[in-house]
Amino acid sequence: MKILIGLSGGFDSAYTAMLLKDAGHELEGAVLDMHCYTETAEAEAVARSLEIPFHVISCRELFDKAVIDDFCDAYSSARTPNPCVVCNEKVKFRALYDYAVSHGFDKIATGHYARIVELKTENGARYTLASP
């Protein structure tokens, strides 16, 4: 199976990548370039040590619009913004998914602790991420 793994350079994503590679999957790593403070060196080092291809996915414009603009709008309206929740849904998982689909990957993986939940709808089933 061809899997794109979101690499942060941290232990969780590195360990997940190692497990998937050891299980025989065709694996490629990716890091998301979201802002001028994005560090890619550690994620690239993980990919190099696992001998897997590595990609940098630019999503700065999406991050600015979905996270920064939303934060500013919420804050200026006296609401308490939660940028991480917005970022996970609208940037991180969306960017990985879009890249994976457009490049022929079968699945995406991260080091996040999550599970996939099937939601029954009138039109069949829908899938979403949930906490463990």
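For the structure, see preceding data.
Quick caveat: nothing in here was measured; it's all calculated off a predicted structure.

**So, the pattern of salt bridges**
What the rule picks out here adds up to 3 salt bridges. Its salt-bridge partner being Asp33, residue Arg60 comes within 3.1 Å of it at the nearest N-O pair. On the criterion of sequence distance, the pair formed by Arg60 in helix 3 (residues 60-76) and Asp33 in strand 2 (residues 26-33) is long-range, its members being 27 residues apart. With a relative accessible area of 15%, Asp33 lands in the buried category. Two residues, Lys120 and Glu118, come together in a salt bridge whose shortest N-O distance is 3.2 Å. Judged by relative accessible area, Lys120 falls into the exposed class, the value being 67%.

**A short note on the sheet that holds strand 1 (residues 2-6)**
Taken in spatial order, the 4 strands line up as 3-2-1-4 in an open sheet, and their pairing is parallel. Two strands lie at the open edges of the sheet, namely strand 3 (54-58) and strand 4 (107-109), each paired on one side alone. Pairwise comparison of adjacent strand axes, ignoring direction, gives a mean angle of 30° for this sheet. Relative to strand 3, strand 2 runs parallel, the two sharing 5 bridges. Residue pairing across strands places Gly29 opposite Phe54, the latter belonging to strand 3. Relative to the sheet, helix 1 (residues 11-22) contacts strand 1, strand 2 and strand 4, its axis offset from that of strand 1 by approximately 170°.

**Topic: unusual backbone geometry**
With phi around 55°, Glu51 is a residue other than glycine that occupies positive phi space. Tracing the chain through its elements places Glu51 in the loop between helix 2 (41-50) and strand 3. In the Ramachandran plot, Ala78 falls in the positive-phi region, its phi being about 65° despite a non-glycine side chain. Examined against the element boundaries, Ala78 turns out to sit in the loop between helix 3 and helix 4 (83-102). On the accessibility criterion, Ala78 (73% relative accessible area) is exposed.

Conventions we followed
- Residues numbered from 1 in each chain as written.
- Predicted model: local features only at pLDDT ≥ 70, side-chain atom pairs only at ≥ 80, totals over all residues.
- Heavy atoms only, no water.
- Salt bridge = Lys/Arg side-chain N within 4 Å of Asp/Glu carboxyl O.
- Helix = DSSP H or I, 4+ residues; strand = E, 2+ residues; numbered from the N terminus.
- Buried < 20%, exposed > 50% of the residue type's maximum accessible area, 1.4 Å probe, protein only.
- Pairing = 2+ DSSP bridges.
- Axes fitted to C-alpha atoms, helices over the stretch in contact; angles between N-to-C directions.
- Contact = heavy atoms within 4.5 Å.

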